[in-house]
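The chain contents come next:
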Amino acid sequence: MTAITLNLNSIIKITSEQFYQLCEEHPELKLERNANGELIVMPPTGGETGKRNLTAGAQLWIWNEQTELGEAFDSSTGFTLPSKADRSPDASWVEKSRWEALTPEQRDKFIPLCPDFVIEFLSPSDSLKKTQEKMQEYMDNGCRLGWLINRKKREVEIYRPGQEVEVLQSPPTLSGENVLPGFVLNLQKIWN
């Protein structure tokens with residue numbers, strides 16, 4: 001099953017608030033919205049993808065609990081990017097001062113900013129090209145570091161602003177660099 005993109009713009013332009021309400025009324029659907037306002041309906045992940053998403057997210061959460069440098073989020077969290085796209089990365093992190101600058105109302109709904117760090121896993125239902133475009137969209141909207149992890153090929157694409165994408169084959173770990181100081185993602189449980 002692959003993601004379905006619905007372009008309803010010729011019928012109705014859905015505002016950010018309407019999109020949020022649509023997601024609230026249909027929690028069984030995983031929805032995103034691109035910068036053009038098209039709705040993206042994504043299928044649930046399979047067991048292997050879900051397990052690996054949680055493995056990476058747990059490592060990020062543990063690091064964040066130890067450092068208290070920001071807030072870590074799971075794949076259910078919606079972000080409204082500056083481009084007006086609404087996205088939900090598989091795992092993400094926002095630096096503490098940016099999180100604290102948000103009002104309680106902003107924290108309760110889709111977070112109105114782009115995460116500083118994102119992880120996306122290429123699941124069997126994902127298109128590599130569309131996921132790469134999504135990663136570039138994060139960079140274009142202010143993300144400081146992103147990892148696209150392709151488990152089947154044991155490959156990681158590292159995205160940094162203003163730089164070419166770096167591709168690594170079967171790395172045992174990934175460094176959070178200066179964005180996530182001291183964070184090291186152990187990929188052994190993700191590759192196995």
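To keep things clear, this report deals only with the structure shown in the data block. (Residues numbered from 1 in each chain as written. Predicted model: local features only at pLDDT ≥ 70, side-chain atom pairs only at ≥ 80, totals over all residues. Heavy atoms only, no water.)

**Some points on unusual backbone geometry**
In this structure, Lys84 is a non-glycine residue whose phi angle is positive, near 80°. Among the structural elements, Lys84 can be located in the loop between strand S5 (79-80) and strand S6 (86-87). Located in the positive-phi region is Glu177, a residue other than glycine, with phi close to 55°. Its location among the elements puts Glu177 in the loop between strand S12 (173-175) and strand S13 (184-186). We classify Glu177 as partly exposed; its relative accessible area is 28%. (Helix = DSSP H or I, 4+ residues; strand = E, 2+ residues; numbered from the N terminus. Buried < 20%, exposed > 50% of the residue type's maximum accessible area, 1.4 Å probe, protein only.)

**Regarding the sheet that holds strand S4 (residues 70-73)**
Backbone hydrogen bonds are what pair the strands of a sheet, in a parallel or an antiparallel way. One open sheet holds the six strands; their spatial order is S4-S7-S8-S9-S10-S11, and the pairing between them is mixed. The sheet terminates laterally at S4 and strand S11 (166-169), the two strands that pair on one side only. Adjacent strand axes in the sheet meet at a mean angle of 15°, parallel and antiparallel pairs treated alike. Summarising the sheet, strand S8 (residues 117-121) and strand S9 (residues 145-150) pair through five bridges and their orientation is parallel. Of the residues in S9, the one forming a bridge with Glu120 is Leu148. Running over the sheet, helix H2 (residues 47-67) touches S4, strand S7 (91-95) and S8 and is turned about 20° from S7. Here helix H5 (residues 128-140) sits on the sheet and contacts S8, S9 and strand S10 (155-159); the angle it forms with S9, its principal contact strand, is near 170°. (Pairing = 2+ DSSP bridges. Axes fitted to C-alpha atoms, helices over the stretch in contact; angles between N-to-C directions. Contact = heavy atoms within 4.5 Å.)

**Points about the pairing of S10**
Most of S10 is tucked away, with five of its five residues classed as buried. Going residue by residue along S10, you find Glu155, Glu157 and Tyr159 tucked away on one face and Val156 and Ile158 tucked away on the opposite face as well. In the sheet, S9 pairs with S10 via five bridges, with the strands oriented antiparallel. By the bridge assignment for S10, Gly146 is matched with Tyr159. Connecting S9 to the next strand, S10, in antiparallel fashion are four residues, including Arg154 with a positive phi near 50°. Pairing geometry for S10 and S11, over four bridges, is antiparallel. Across the sheet, Val156 pairs through a bridge with Leu168, a residue of S11.

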